[in-house]
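A look at the structure
Chain by chain, the residues run as shown.
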Amino acid sequence: MSRASSNALKHPPVKAPSEPAGAPADFPELAVPVQRDKRRGRGAQSNASGRFEAEARIAFDDGWRSLDDLPPFKTTVALDTARKVITRNDSPDIGFDRSINPYRGCEHGCVYCFARPTHAFLGLSPGLDFESKLFAKPDAPQLLEKELAAADYEPRMIAIGTNTDPYQPIERERKIMRGILEVLERAGHPVGIVTKSALVARDADILARMAKRNLAKVAISVTTLDPKLARTMEPRAAAPERRLEALRILSQAGIPTTVMVAPVIPALNDAEIERILDAAAHAGVKEAAYVMLRLPLEVRDLFREWLMANYPDRYRHVFTLIRDMRGGRDYDSQWGTRMKGTGPMAWMIGRRFEIACEKLGLNKRRSKLTTEHFARPKRSGEQLSLF
């Protein structure tokens, strides 16, 4: 049996009843969605099995109304007992070589999240499982301190929030991220944070002290200023006005801030680029960046399901534009172009972004972090110096 045939058996296609007539034949059929009342407040519409699973999980009514007995998806948190907390990468188009992820999975439920496929490595679905079955690393601060204390460790900026959001709702109680910042501050180690949560303002005290020594900067993603679109696309993330307020608080505290217009989705939020940048500039932001929508692996079909359920009239137009920017494909993972796309539409979006930044005085100077303050933590049992 071919690999394609095997995959088709594991993930049998089921036609979505809401798919518009005349949809392009090369768009694959959508998975069976989970009932709305069972996924209230969630982003994904379905919970298909991960790509590594031998069997597919599909909800269907057997005539005995068994679907009515299924409970709603509730958030559960398990412990991740990793031995190390710093993850390394050598991607040539990413400006950092190490990162920390305090959590796996993300309750924000952003339907477009490119980190969703990582849940398949855990035997879970990149769909609803990703936003409801979470893993926390409570030992992350201790593990980080141990790794920083290693004799061969060479300091460079650590990026946090590059996979799942470090300030997602469960951080409010667990405070793992705050513990990580405390370790980094003591060690004089630089950190760059990316989030879409207003909770980051809670740690403005630590970040402000670090920023005085050029050790910290924060980027907040503002995808849209439309509260309805934000709630639909990012159901448990902070509202747009709260993100702008967080940018204002951090900027006033002297912390270098960046607004991320990410992701830019053609025919959905691309018309807001200039307004988002203008609102962020008025909040005190000095730097800005953008990322084009990325649809790797399972994210493609999850985004399609969501688009069909919420904006069926834009379905064909959105994907036509996406393909125009991805060389005729739904996604192009090529380094150097995967973040921005190619073609006339991608060029126009990039030029609009650049012109708006120039008018608003953004990106005139780029904040640079330093490693000159790094002091290796003392290892457990290591004798302290008398001088």
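Attention here is on the structure that accompanies the text.

With an omega of -5 degrees, the peptide bond between Ala-262 and Pro-263 qualifies as cis. Here Pro-263 is to be found in strand β9 (residues 257–264). The backbone phi angle of Asn-214 is positive, close to 60 degrees, even though this residue is not glycine. Among the secondary structure elements, Asn-214 is positioned in the loop between α6 (204–211) and β8 (216–221). Even without a glycine there, the phi angle at Ala-267 is positive, about 70 degrees. Counting through the fold element by element, Ala-267 comes out in the loop between β9 and α9 (273–282).

We now examine the side chain of Ser-46. Its place among the elements puts Ser-46 in the loop between α1 (3–10) and β1 (76–79). Accessibility expressed as a relative area gives 1% for Ser-46, which makes it buried. Among the polar contacts made by the side chain of Ser-46, one reaches the side chain of Glu-305 at a distance of 2.5 Å.

Here we come to the packing of helix α3 (residues 140–148) against helix α5 (residues 176–187). Their axes nearest at 8 Å, the elements α3 and α5 cross at an angle of 25 degrees. The orientation of α3 relative to α5 falls into the category roughly parallel. Between α3 and α5 the crossing geometry is right-handed. The residues of α5 that touch α3, namely those facing Ala-140, Pro-141, Leu-144, Glu-145 and Leu-148, are Ile-176, Gly-179, Ile-180, Val-183, Leu-184, Arg-186 and Ala-187. Grouping the constituent residues of the contact of α3 with α5 by class yields nine nonpolar, one polar and two charged.

A few words now on the state of the cysteines. Note: disulfide means a covalent bond formed between the sulfur atoms of two cysteine side chains. According to the stated counting rule, one finds zero disulfides in the structure shown. Cys-106 takes part in no disulfide bond, and the closest cysteine sulfur to it belongs to Cys-110, at a distance of 6.2 Å.

Once that is clear, we can look at the sheet that holds strand β4 (residues 103–104). Strand pairing within a sheet occurs via backbone hydrogen bonds; the two strands may be parallel or antiparallel. If you walk across this open sheet you meet the three strands as β1-β5-β4, and the pairing is mixed. A strand with exactly one partner marks an edge of an open sheet, and here the two such strands are β1 and β4. Where β1 meets strand β5 (residues 133–136), four bridges bridge the pair, whose relative direction is parallel. The partner of Leu-79 across the bridge, within β5, is Ala-136.

This part covers the nonpolar core. If you look at the biggest cluster of nonpolar residues, it comprises 67 residues, and the most contacted ones within it are Leu-144, Leu-184 and Leu-277. Of the residues forming this core, the biggest block, seven residues, is contributed by α5. Among all residues touching Leu-277, those that are not within four sequence positions of it are Val-259, Val-261, Ala-288, Phe-353, Ala-356, Cys-357, Leu-360 and Leu-362. By size, the runner-up hydrophobic cluster in this structure holds 23 residues, among which are Cys-110, Val-111, Tyr-315 and Val-318.

The next subject is the pairing of strand β7 (residues 191–195). Counting buried positions over the five residues of β7 gives four, a clear majority of the element. Bridge analysis of strand β6 (residues 158–160) against β7 gives three bridges, and the strand direction is parallel. Bridge assignment links Ile-158 to a residue of β7, and that residue is Val-191. Bridge count between β7 and β8: five bridges; the pairing is parallel. Following the sheet pairing, Gly-192 is matched in β8 by Lys-217. Taken together, β7, α6 and β8 form a β-α-β motif whose crossover is right-handed.

An order of β2-β3-β6-β7-β8-β9-β10 is seen for the seven strands of this open sheet, with the pairing classed as mixed. Looking along the sheet, the strands with just one partner apiece sit at the ends: β2 (86–88) and β10 (287–292). Across the sheet, the axes of successive neighbouring strands diverge by a mean angle of 25 degrees, strand direction being ignored. The pairing of β2 with strand β3 (residues 98–100) spans three bridges and is classified as antiparallel. Note that in β3 the partner of Thr-87 across the bridge is Ser-99. Docked against the sheet, α9 engages β9 and β10, running at close to 165 degrees with respect to β9.

What follows concerns the packing of aromatic side chains. Summed over all chains, the structure comprises seven aromatic pairs. Seen in terms of ring centroids, Phe-52 and Phe-121 are 5.1 Å apart; in terms of plane orientation they differ by 40 degrees. Their pairing is tilted. Of the two residues, Phe-52 sits in the loop between α1 and β1 while Phe-121 sits in the loop between β4 and α2 (128–132), which places them 69 residues apart along the sequence. On the accessibility criterion, Phe-121 (57% relative accessible area) is exposed. The structure contains a cluster of three or more aromatic residues connected by ring pairs, namely Phe-303, Trp-306, Tyr-311, Tyr-315 and Phe-319. The ring of Phe-319 carries Arg-304 above its face, with NZ or CZ at 4.6 Å from the centroid.

Rules used in this analysis
- Numbering of residues starts from 1 in each chain and follows the order in which that chain's sequence is written.
- Under the rules for a predicted model, residues below a pLDDT of 70 receive no local features and side-chain atom pairs below 80 are neither given nor counted, while totals for whole chains, interfaces and linings still include all residues.
- For the side-chain quantities, the full set of heavy atoms in the structure was used; hydrogens and water were omitted.
- Numbering of helices and strands runs from the N terminus, with a helix taken as a DSSP run of H or I at least four residues long and a strand as a DSSP run of E at least two residues long.
- Throughout, exposure labels follow a simple rule: accessible area from a 1.4 Å probe, protein chains only, divided by the maximum for the residue type, with under 20% read as buried, over 50% as exposed, and the rest as partly exposed.
- By the criterion applied in these results, polar contacts are pairs of N or O atoms within 3.5 Å in which, for protein atoms, one can donate a hydrogen and the other can accept it, and in which residues neighboring in sequence qualify only through two side-chain atoms.
- With axes taken as lines fitted to C-alpha atoms, and helix axes fitted only over the stretch in contact, angles between N-to-C directions fall between 0 and 180 degrees.
- The labels follow the angle: roughly parallel below 35 degrees, roughly antiparallel above 145, roughly perpendicular from 65 to 115, and oblique for the rest.
- Helix crossings fall into two classes, left-handed where the near helix is turned counterclockwise from the far one by less than a right angle and right-handed where it is turned clockwise.
- For this analysis, residues touch if any pair of their heavy atoms sits within 4.5 Å.
- Each residue gets one of three labels, nonpolar for Ala, Val, Leu, Ile, Met, Phe, Trp, Tyr, Cys and Pro, charged for Asp, Glu, Lys and Arg, and polar for the others, Gly among them.
- By convention in this document, the label disulfide applies to cysteine sulfur atom pairs within 2.5 Å.
- For two strands to be treated as a pair, DSSP must find no fewer than two bridges joining them.
- The nonpolar core is taken to be a set of buried Ala, Val, Leu, Ile, Met, Phe, Trp, Tyr and Cys residues, with the residues joined through side-chain atoms within 4.5 Å.
- When the strands point away from the viewer, a crossover counts as right-handed if the route from the first strand across the helix to the second turns clockwise.
- What counts as a ring pair is set by centres within 6.5 Å for rings of Phe, Tyr and Trp (its six-membered ring), and what kind of pair is set by the plane angle: stacked under 30 degrees, edge-to-face over 60, tilted for all other angles.
- Either the NZ atom of lysine or the CZ atom of arginine qualifies as a charge over a ring when it sits within 6 Å of the ring centre and within 35 degrees of the ring normal.

Don't take any of this as a statement about function, it's just geometry.
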